[in-house]
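# Analysis of the macromolecular model
Spelled out, the chains give:
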Amino acid sequence: QVQVVESGGGSVQAGESLRLSCTASGLTFDDYVLAWFRQAPGKEREGVAAINWGGDSTYYEDSVKGRFTISRDNVKNTVDLQMNSLKPEDSAMYYCAADLIFLPFSRFREYKFWGQGTQVTVSS
């Protein structure tokens, strides 16, 4: 049984940092592209960052470029999202997702496995 579990969310002030972590079990981790999505109340889920199987190719949503960094450890079966210079508009539930192929963020419904999410709240 595949399990995807996020951790590291919390409440911070604008300008501060958080590091989210996601662990996945029950699958061959390096067969999967990993991605972080977020969803704020009343808004559609949006892609934030994605990383390919070997970790040598990444993709970021425009609003987080230069502030967020995605990385993965294929030995520990983890994918992290380092979030710096956080803004109130970054507040959302953050989800980790996995799929066998590199899907565009717009096709998020096709991601095969999802975690339950971790809440990030940034106050001004």
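Below: a short report on this structure. Values in this document were obtained by computation on a predicted structure and should not be read as measured data. All residue numbers refer to positions counted from 1 along the written sequence of the respective chain. The model is predicted, so local features are restricted to residues of pLDDT at least 70 and side-chain atom pairs to those at 80 or more, both for listing and for counting; the totals for chains, interfaces and linings are taken over all residues. With hydrogens and water stripped out, all remaining heavy atoms of the structure feed into the side-chain values.

Turning our eyes to something else, we now look at the nonpolar core. Formed by 30 residues in total, the largest nonpolar core has its most connected members in Trp36, Leu81, Met83 and Tyr94. Where this core is concerned, the elements lending two or more residues are β3 (18-25), β4 (33-39), β5 (46-51), β7 (68-73), β8 (78-83), β9 (92-99) and β11 (118-123). Within this scheme, the nonpolar core is defined by two criteria: the residues are buried Ala, Val, Leu, Ile, Met, Phe, Trp, Tyr or Cys, and they are joined through side-chain atoms within 4.5 Å. Exposure is judged per residue with a 1.4 Å probe applied to protein chains only, and the accessible area is read against the type maximum: over 50% gives exposed, under 20% gives buried, and values in between give partly exposed. Listed in part, the 8 residues of the second largest apolar core include Ala50, Phe105, Phe108 and Tyr111. The secondary structure listing takes helices from DSSP runs of H or I that are at least 4 residues long and strands from runs of E that are at least 2 residues long, numbered from the N terminus.

What follows is about the state of the cysteines. Put simply, a disulfide is two cysteine sulfurs that come within 2.5 Å. Under the counting rule described, the total for this entry stands at 1 disulfide. Disulfide partner of Cys22: Cys96, at an S-S distance of 2.2 Å. Measuring handedness by torsion sign, the sulfur bridge of Cys22 and Cys96 sits at about -80° and is left-handed. With Cys22 in strand β3 and Cys96 in strand β9, the pair connects residues that are 74 residues apart, well separated along the chain. Here Cys96 falls in the buried class, since its relative accessible area comes to 0%.

The next point concerns the sheet that holds strand β1 (residues 3-7). The strand order across the open sheet built from 4 strands is β1-β3-β8-β7, with neighbouring strands paired in antiparallel fashion. Of all the strands in the sheet, the pair left with one neighbour each is β1 and β7. On average, each strand axis in the sheet is tilted by 15° relative to the strand beside it, whichever way the strands run. We call two strands paired when DSSP finds no fewer than two bridges between them. In this structure, β3 lies alongside β8, joined through 6 bridges in antiparallel fashion. Paired with Ser21 across the bridge in β8 is Asp80. Throughout, an axis means a line fitted to C-alpha atoms (over the contacting stretch in the case of helices), and angles, computed between N-to-C directions, take values from 0 to 180 degrees.

Further remarks concern unusual backbone geometry. Positive phi, close to 60°, is recorded for Asn77, a residue that is not glycine. Looking at where Asn77 falls in the secondary structure, it is placed in the loop between β7 and β8. We note that Ser85 has phi near 50°; this positive angle belongs to a residue other than glycine. The residue Ser85 is located in the loop between β8 and β9 in this model. For Ser85, a relative accessible area of 40% puts it in the partly exposed group.

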